[in-house]
Amino acid sequence: MAVTKTITKCTPYVNASSKVDKWEIEMKYENDSEGDSTYYTSTFSTSVKQSVTDPDGNTTTNFTLKAKGSWTNANLVAICPVSLWDTVFASQVDSVITNPPVLSTPDQAFNVPS
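These numbers come from a predicted model, not from an experiment.

Participant: So what about the packing of aromatic side chains? Which residues, and what values?
Facilitator: For the coordinates displayed, the defined rule picks out six aromatic pairs. Taking the centre distance of 5.3 Å and the plane angle of 70° together, the rings of W23 and W71 count as edge-to-face. In this pair, W23 sits in strand 2 (residues 20-31) while W71 sits in the loop between strand 5 (59-61) and helix 1 (73-78), placing the two residues 48 residues apart along the sequence. Judged by its relative accessible area of 3%, W23 is buried.

If you want it as structure tokens, here you go:
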């Protein structure tokens, strides 16, 4: 299964210091090539703040503040939950392409037994 992952949209939120403090990112996954019987696509999105503080007051830093022009594609991919998306996409492909549900067919000739 050849999976291609492409960031299709990313929106930086810039603070007063001209540094990005939040990203909204969308990534498209594609399995094989369009037109192939095994082709499947799905789009995932996330919103990532530079830091998040939980109810107990513990702060988690997700990325370092820097100017939007300093970000690379690799930096953006690194802040996405790619391992989760990989698992979800593999499950989607399995349920739709590899092991699709078997469709039942009606038996119009069936007669109710007396």
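Moving on, there is more to tell.
Participant: I'd like to hear about the pairing of strand 3 (residues 40-49), residue by residue, with values.
Facilitator: Regular strands have side chains that alternate between both faces of the sheet. Side-chain alternation along strand 3 places Y40, S42, F44, T46 and V48 on a buried face and T41, T43, S45, S47 and K49 on a face that remains uncovered. Bridging between strand 2 and strand 3 involves 10 bridges; their strand directions are antiparallel. Bridge assignment links E26 to a residue of strand 3, and that residue is S45.

Participant: Explain the nonpolar core to me, and be specific about the residues and the numbers.
Facilitator: Counting 18 residues, the largest nonpolar core has W23, I25, M27, Y29, W71 and I79 as its most contacted members. Counting residues per element, the ones that place at least two in this core are strand 2, strand 3 and helix 2 (82-98). The element best represented in this core is strand 2, accounting for five residues. For W71, the contacting residues outside a window of four places in its chain are V20, W23, F63, T64, K66, L76 and I79.

Definitions and cut-offs
Residues numbered from 1 in each chain as written. Predicted model: local features only at pLDDT ≥ 70, side-chain atom pairs only at ≥ 80, totals over all residues. Heavy atoms only, no water. Phe/Tyr/Trp six-rings, centres within 6.5 Å; stacked < 30°, edge-to-face > 60°. Helix = DSSP H or I, 4+ residues; strand = E, 2+ residues; numbered from the N terminus. Buried < 20%, exposed > 50% of the residue type's maximum accessible area, 1.4 Å probe, protein only. Pairing = 2+ DSSP bridges. Core = buried A, V, L, I, M, F, W, Y, C linked by side-chain atoms within 4.5 Å. Contact = heavy atoms within 4.5 Å.

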